[in-house]
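# Structural overview for review
Letter by letter, the chains look like this.
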Number of protein chains: 2
Amino acid sequence: MRLNILGYMNERRQTIFFENEPQIIAGGTIAGPKECTSIIGGYVDMALTDDMFGESTFEKAECSMLSYAIDRAIENGGLTRNDIDVMLSGDLLNQIISASFAARKSGIPFLGLYSACSTMSEGIMLGAAMVNAGYARRAVAATGSHFASAERQYRYPLEQGTTRPPQSQWTVTGAGACVIGKGGDGVKIVNATIGKVIDYGVTDVNNMGAAMAPACADTLIRHFKDTSTLPEDYDLILSGDLGALGSRLLKDLCEEKGYDISVNHVDCGEIVYKVIEDEFQGGSGAGCSAVVFNSYILSKLKDKLFKRVLFAATGALLSTTSSGQGESIPCISHAVELRS
Amino acid sequence: MRLNILGYMNERRQTIFFENEPQIIAGGTIAGPKECTSIIGGYVDMALTDDMFGESTFEKAECSMLSYAIDRAIENGGLTRNDIDVMLSGDLLNQIISASFAARKSGIPFLGLYSACSTMSEGIMLGAAMVNAGYARRAVAATGSHFASAERQYRYPLEQGTTRPPQSQWTVTGAGACVIGKGGDGVKIVNATIGKVIDYGVTDVNNMGAAMAPACADTLIRHFKDTSTLPEDYDLILSGDLGALGSRLLKDLCEEKGYDISVNHVDCGEIVYKVIEDEFQGGSGAGCSAVVFNSYILSKLKDKLFKRVLFAATGALLSTTSSGQGESIPCISHAVELRS
């Protein structure tokens, strides 16, 4: 175990190492019409023209998108549901109903996660951990979100037409999944860094980027230290959904600690839309990093255009109740390192 | 790996085996005044006289109880927070705010889970998996619930004084945690069975026991098959919070498949209260199995009065939104096998 090699048996580690080469065998993605006008439109498995996906409610549409992404990832890997031993999933809806109902449909043994918009990297981390240790032959990690279900749960009814402040982001309508297994020439999951909950006292629920940036910085820096690497060792450092403002804060926070990520950092929220006035700071939501990572980024990793990627999805762990009771926004970011 | 020994490399397994003897080093528990009138009152670390625990809201009280249980488990193990590499926790509140805010307070790297009232066994399973594989030196698994926060989130404001139907259960006010590590003479976590989401079409949100019993039966039977054991091999088969009605259904469902658990099955929800008229079928909530398991049961395991226990917490993965949209209640149960 790396634990002993590094000789810090009595110190806390946040980074876990996978010696047995767990890999991403295949990804599956689906995204809404608005999302597909950006570069990711050319990489997703299904580009929706109707964001209801044939369902009667936004929540059911979100769940169906998640199911689609899971089934498509399994199919893209040349597998069937029976080949998957565990499904790791969660979403933004209360009691993660999208994931729970998708798990009901799939029949795959299910471990429910909640990590808000950092669910994708938590799922990949735990999937790799399960496969690496031989607990599962293959795992599927998945998450998604829907603009309309998130708006009405976290903010206001859409019908109200509330004005969005300039620091706000736009929740991505879409879902992404990947199948993790061993063998083959997939994209290797080398290690993963478990995030801590970080809270700098931001209370503005419309400014998720500012709230989440410190958690992302904390995890990235811890990752660099645990792995004895520097930002320039990576072709890409990919954060989840900090948006434009949050990304600037992340760069500043890293620089303060002596890590310059300005050259190779990209945020999924900045590339999931052609940034126009409506979305302000860019994309957010659990589906944001799930769609971007499992379509565009995974494709580039497979083609070896990126050789080493550090993917740190970012989550804000607030609820309407916690905000209503005057709490600030606790945030988290989990990171996984991928190599082609 | 057991995977190869058993020679079913190409079949799905739901049970994972821990060869390196991960153990429960210590537990920590806290429960409300009503809960402490039952047998568990003599086993918890703190028996509350005020279920607000000095806080201004029910949700904050729930979070503080969870924090207390975590800190107390760590302290009971003769450890400090720095000795714990990962916290695995979730709860019933939207966006698991109790767990997220407890993680903020603890500063321990955090993996958020959502598995409703089966969170305790999901947490123990993943904690054992992390420790067994050498990913973490020690993990803490924790969950809790509060009667008043659950009532107002899932059902009605308490002030409304809604009549409770006879099939209903009473959400436990309390929290439980355990520290999982290696070495020593703790209670061994031998294996764990990952549950599937099972839904028999129950739509009555006041009848959680009936909704969850089929999921519990499915996991128990799968566990018996995967481990080549029978109910009589266990001193105790402990379900989470099926209550009196759900427990009867569980026994019937198991018997239908040829497994007679009637002699050694006990449900945490049946023993957490002196059953009086108010609670009808008994206790429920994530705190139900967390408190009972980490106090009374763990104590009996440590004293070797129980030598082999199968603990299957049970969760209903519904939300007010899913019920409002006409969905039935998807349920899950994860099982862990413990030996003293």
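Counting from 1, residues in each chain are numbered in the order their sequence is written. Naming scheme: in the order in which they are written, chains are lettered from A and ligands are numbered from 1. In keeping with the predicted nature of the model, local features appear solely for residues at pLDDT of at least 70, side-chain atom pairs appear and are counted solely at 80 or more, and the whole-chain, interface and lining totals rest on all residues.

This next bit is on the overall build of chain A. Looking only at helices and strands, chain A features 10 helices and 14 strands. Expressed as lengths along the three principal axes of its C-alpha atoms, the size of chain A is roughly 60 × 50 × 35 Å. Between the buried cut of 20 or more and the exposed cut of 12 or fewer other C-beta atoms within 10 Å of a residue's own C-beta lies the partly exposed class, and all C-beta atoms are placed from the backbone. For chain A, with 340 residues in total, the buried portion stands at 64%. Runs of E in the DSSP output that reach at least two residues are strands. Runs of H or I that reach at least four are helices, and both are numbered from the N terminus.

So, on to the packing of helix H6 (residues 208-227) of chain B against helix H7 (residues 243-256) of chain B. Residue and element names in this part refer to chain B. Angles run from 0 to 180 degrees between N-to-C directions of axes, and those axes are lines fitted to C-alpha atoms, restricted for helices to the stretch in contact. At a closest axis distance of 8 Å, the pairing of H6 and H7 adopts a crossing angle of 40°. The pairing of H6 with H7 is recorded here as oblique in orientation. Crossing angle aside, the handedness with which H6 passes H7 is right-handed. Of the residues in H7, those in contact with Gly 209, Ala 210, Met 212, Ala 213, Pro 214, Cys 216, Ala 217, Leu 220 and Ile 221 of H6 are Gly 243, Leu 245, Gly 246, Leu 249, Leu 250, Leu 253 and Cys 254. Each residue gets one label: Ala, Val, Leu, Ile, Met, Phe, Trp, Tyr, Cys and Pro are nonpolar, Asp, Glu, Lys and Arg are charged, and the others, such as Gly, are polar. Of the residues contributing to the contact of H6 with H7, the split by class is 13 nonpolar, three polar and no charged. Here roughly perpendicular refers to angles of 65 to 115 degrees, roughly parallel to angles under 35, roughly antiparallel to angles over 145, and oblique to all remaining angles. Each helix crossing is assigned a hand: it is left-handed if the near helix lies turned anticlockwise from the far helix by less than a right angle, otherwise right-handed if that turn is clockwise. Contact between residues is assigned whenever the C-beta positions, reconstructed from backbone atoms, fall within 7 Å.

For helix H5 (residues 147-154) of chain B, the set of buried residues is Phe 147, Ser 149, Ala 150 and Tyr 154 of chain B. Buried residues along H5 of chain B sit against helix H2 (58-76), strand E6 (139-145), strand E7 (170-171) and helix H10 (320-324) of chain B.

Turning our attention to the interface of chain B and chain A. Between chain B and chain A, the contact holds 49 residues from the first and 49 residues from the second. The element best represented in the side of chain B that touches chain A is helix H3 (residues 97-106) of chain B, accounting for five residues. Of the residues in the side of chain B that touches chain A, the class split is 24 nonpolar, 16 polar and nine charged.

Turning to helix H3 (residues 97-106) of chain A, a few remarks are in order. Among the 10 residues of H3 of chain A, nine are classified as buried, and the element is accordingly described as predominantly covered. Looking at the buried side of H3 of chain A, the elements it contacts are helix H2 (58-76), strand E4 (86-89), strand E5 (110-112) and strand E6 (139-145) of chain A together with H10 of chain B.

All names here are of chain A. Pairing analysis gives four bridges linking strand E10 (residues 236-239) to strand E13 (residues 308-316), with the strands arranged parallel. Counterpart to Ile 237 in the pairing with E13 is Leu 310. In short, DSSP must find at least two bridges between two strands for them to pair. Here three bridges tie E10 to strand E11 (residues 265-267), and the two strands are oriented parallel to one another. Bridging from a neighbouring strand, Leu 238 pairs with Val 266 of E11. With respect to chirality, the unit in which E10 leads through helix H7 (residues 243-256) into the neighbouring parallel E11 is right-handed. Here a crossover is taken to be right-handed if, once the strands point away from the viewer, the path from the first strand over the helix to the second is traced clockwise.

Before going further, it helps to spend a moment on the nonpolar core. Put simply, a nonpolar core is a cluster of buried Ala, Val, Leu, Ile, Met, Phe, Trp, Tyr and Cys residues tied together by C-beta atoms within 7 Å. Among the nonpolar cores identified, the biggest contains 243 residues, and Val 140 and Ile 180 of chain A together with Val 140 and Ile 180 of chain B are the most heavily contacted of them. Not counting residues up to four positions away in its chain, the partners in contact with Val 140 of chain B are Ile 70, Ala 73, Ile 74, Ile 84, Met 87, Ile 108, Ala 177 and Val 179 of chain B.

What follows is about unusual backbone geometry. Residues and elements named next belong to chain A. Phi angles above zero are rare outside glycine, and Ser 228 is one such case at about 50°. Structurally, Ser 228 can be placed in the loop between helix H6 (208-227) and E10. The exposure class assigned to Ser 228 is exposed, which follows from the 8 C-beta atoms found within 10 Å.

Below, the discussion takes up the relation of the copies chain B and chain A. All copies are superposed by least squares; the fitting set is the C-alpha atoms of residues with a pLDDT of at least 70 in both. The two copies are related by a screw motion: chain B maps onto chain A through a turn of 180° and a shift of 0.0 Å along the axis, at an RMSD of 0.0 Å. Expressed as an axis order, the relation between the two copies is that of a two-fold axis. In terms of C-alpha distance to the rotation axis, chain B has Leu 113 of chain B as its closest residue, with the C-alpha 2.1 Å off the axis. When the interface residues of chain B are mapped onto chain A, 100% of them are again interface residues, pointing to one common binding face.

All names here are of chain A. Segmenting chain A into domains produces domain 1 (15-181) and domain 2 (187-339). When each unit is reduced to the centre of its C-alpha atoms, the spacing between domain 1 and domain 2 is 17 Å. Of all elements in the fold, only strand E1 (15-17), strand E2 (23-31), helix H4 (119-132), E6, helix H5 (147-154), strand E7 (170-171) and strand E8 (174-181) reach the threshold of two or more residues within the side of domain 1 that touches domain 2. The element that contributes the greatest number of residues to the side of domain 1 that touches domain 2 is H4, accounting for seven residues. Throughout the structure description, domain borders are defined by an automatic or database domain assignment.

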